[in-house]
Every structure is written in structure tokens, then in C-alpha cells.
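As a plain string of letters, each chain reads:
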Amino acid sequence: MATQTQHRHNAQAHYCNAAGCLAHVSAGQLMCRRHAAMLSEDLSAAMHAGVRSRAHYKAAACAAILHVAELEGRPTVALRRCLAKWRELAEKSERATP
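Residues numbered from 1 in each chain as written. Predicted model: local features only at pLDDT ≥ 70, side-chain atom pairs only at ≥ 80, totals over all residues. Heavy atoms only, no water.

Notes on the side chain of T76
With respect to the helices and strands, T76 occurs in the loop between helix 4 (54-71) and helix 5 (77-96). Contacts of T76, omitting those with residues within four sequence positions, involve L66, A69 and E70. (Helix = DSSP H or I, 4+ residues; strand = E, 2+ residues; numbered from the N terminus. Contact = heavy atoms within 4.5 Å.)

Structure, rendered in C-alpha cells:
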């Protein structure tokens, strides 16, 4: 049986980004159905709206992953830093766009 580490290093495989989830997802999907169902309408809308720039998408993705981690009682310190970084970059890209 393959270990978690072996699964994570398979370049062809895509996994749910929720902490600790090893569910396979299609390329381009952030989360499995179970974790995606935990997102509010606002977070789901932000994910779809985030495609206008990489920074906006990353900020929305970090917010979604953080939300699920909070609901599941997982550690969130690193996720909060990630979210702050990508929100700052998204704001900078908005100011730079005419």
C-alpha cells in the first residue's frame, strides 16, 4: 500500500487542499466535494471571481482553506499568514491596474 508521502509526490495526481485530506480531485479543483460543500456562498463566489488575477485567486483559495481548517478544528496560524500575504498582493495588483 502506498504511503501518504508517495501519493503526494505523484506529479499526475491532484488532491484536495484541505488539511489532511487525501481525496483525489480533478486538475483545477481546489477541494473535494465534501470540503467544497463546507464553503459559504461568499467564499465560493470569491473563488470564481478570483480568476481575474493570480493574487486574487490565491487569496480566495487561502480564505477557503482557512475556513475549512477552522471548521475542522485544525491549526490555522500558517494559513492566516498565507491569506494576509495574498490579500496584500491582490490589493497591490488592483492599484497597479488602470
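Some details on the layout of surface pockets
What the largest pocket holds in volume is close to 280 Å³. Lining the largest pocket are 13 residues, and of these G28, Q29, L30, M47 and H48 sit closest to its centre. Put simply, the parts of the chain that give the lining of the largest pocket at least two residues each are helix 2 (33-36) and helix 3 (41-49). Per-element tally for the lining of the largest pocket: the top contributor is helix 3, with three residues. Its residues placed into classes, the lining of the largest pocket shows eight nonpolar, four polar and one charged. Here the second largest pocket is characterised by a volume of approximately 180 Å³. N17, Q29, L30, Y57 and K58 are the residues nearest the centre of the second largest pocket, which is lined by 15 residues in total. Elements with a contribution of two residues or more to the lining of the second largest pocket: helix 4 and helix 5. Counting residues per element, the lining of the second largest pocket draws most heavily on helix 4, which supplies four residues. (1 Å grid on protein atoms, 1.4 Å probe; cavity = no way out; pocket = protein on both sides within 12 Å on 5 of 7 lines; lining within 4 Å. Points joined across faces, edges and corners; volume = space filled by probe spheres on them. Nonpolar A, V, L, I, M, F, W, Y, C, P; charged D, E, K, R; others polar.)

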